[in-house]
Amino acid sequence: MSSRRSRQSSSSGSSRISDDQIIELISKLRQFLPEIRDNRRSNKVSASKVLQETCSYIRNLHREVDDLSERLSQLLSTIDADSPEAAIIRSLIQQ
């Protein structure tokens, strides 16, 4: 059994993930990636390319979250905590 395709299971030792399951998971990842999803030849993109794009996309999302958090912190530091604007921001954050 290839170590690349095996997963450790806490209760039953190790179990193998099938090639069909890998294909299905890669297909699901394709749907989340704008660069690949919007490409007409997305089915021809290799699994390794899908995984690389997934990692890149996740890194970009993390950067966006960090940037938005910083912008929100700056915005909150410029307004009165008891103002209606602050209340709106707090309600949006809690959603």
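Under the annotation held in an unreviewed UniProt entry, the protein chain carries the name BHLH domain-containing protein and is attributed to Punica granatum. Taken verbatim from the UniProt record of the protein chain, the Subcellular location (unreviewed entry) comment is "Nucleus".

Further remarks concern the overall build of the protein chain. Helix and strand counts for the protein chain come out as four helices and two strands. For the protein chain, the sequential pattern of α-helices and β-strands runs β-β-α-α-α-α. Scored against the burial criterion, the 95 residues of the protein chain give a buried share of 14%. In the protein chain, the proportion of contacts linking residues at least 24 apart, taken out of those at least 6 apart, comes to 11%. Per element, the accessible surface of the protein chain, about 8,100 Å² overall, is 50% carbon and sulfur.

Moving on, we come to a negative patch on the surface. On the surface, a cluster of negative charge is made up of Glu64, Asp66, Asp67 and Glu70. Note that Glu64 resides in helix α3 (residues 47-78). Residue Glu64 is classed as partly exposed on the basis of its relative accessible area of 46%.

This next bit is on the pattern of salt bridges. For the structure on display, the rule yields two salt bridges. When the shortest N-O distance is used, the salt bridge between Lys28 and Glu24 registers 3.4 Å. Placement of the pair is Lys28 and Glu24 together in helix α1 (residues 19-32), with a separation of four residues, close to one helical turn. Taking relative accessible area as the criterion, Lys28 reaches 41% and is therefore assigned partly exposed.

Okay, the side chain of Ser83 next. Following the sequence through the fold, Ser83 ends up in the loop between α3 and α4 (84-93). The exposure class of Ser83 is buried, given its relative accessible area of 10%.

Conventions and cut-offs
Residues numbered from 1 in each chain as written. Predicted model: local features only at pLDDT ≥ 70, side-chain atom pairs only at ≥ 80, totals over all residues. Heavy atoms only, no water. UniProt positions renumbered as here; feature names shortened; annotations may be inferred. Helix = DSSP H or I, 4+ residues; strand = E, 2+ residues; numbered from the N terminus. Buried < 20%, exposed > 50% of the residue type's maximum accessible area, 1.4 Å probe, protein only. Contact = heavy atoms within 4.5 Å. Areas by Shrake-Rupley, 256 points an atom, 1.4 Å probe, with all protein chains shown as cover. Patch = residues over 30% accessible without salt bridge, like charges linked within 9 Å, V, L, I, M, F, W, Y side chains within 5 Å. Salt bridge = Lys/Arg side-chain N within 4 Å of Asp/Glu carboxyl O. Lys, Arg positive; Asp, Glu negative; His and termini not counted. Charge placed at Lys NZ, Arg CZ, Asp CG, Glu CD.

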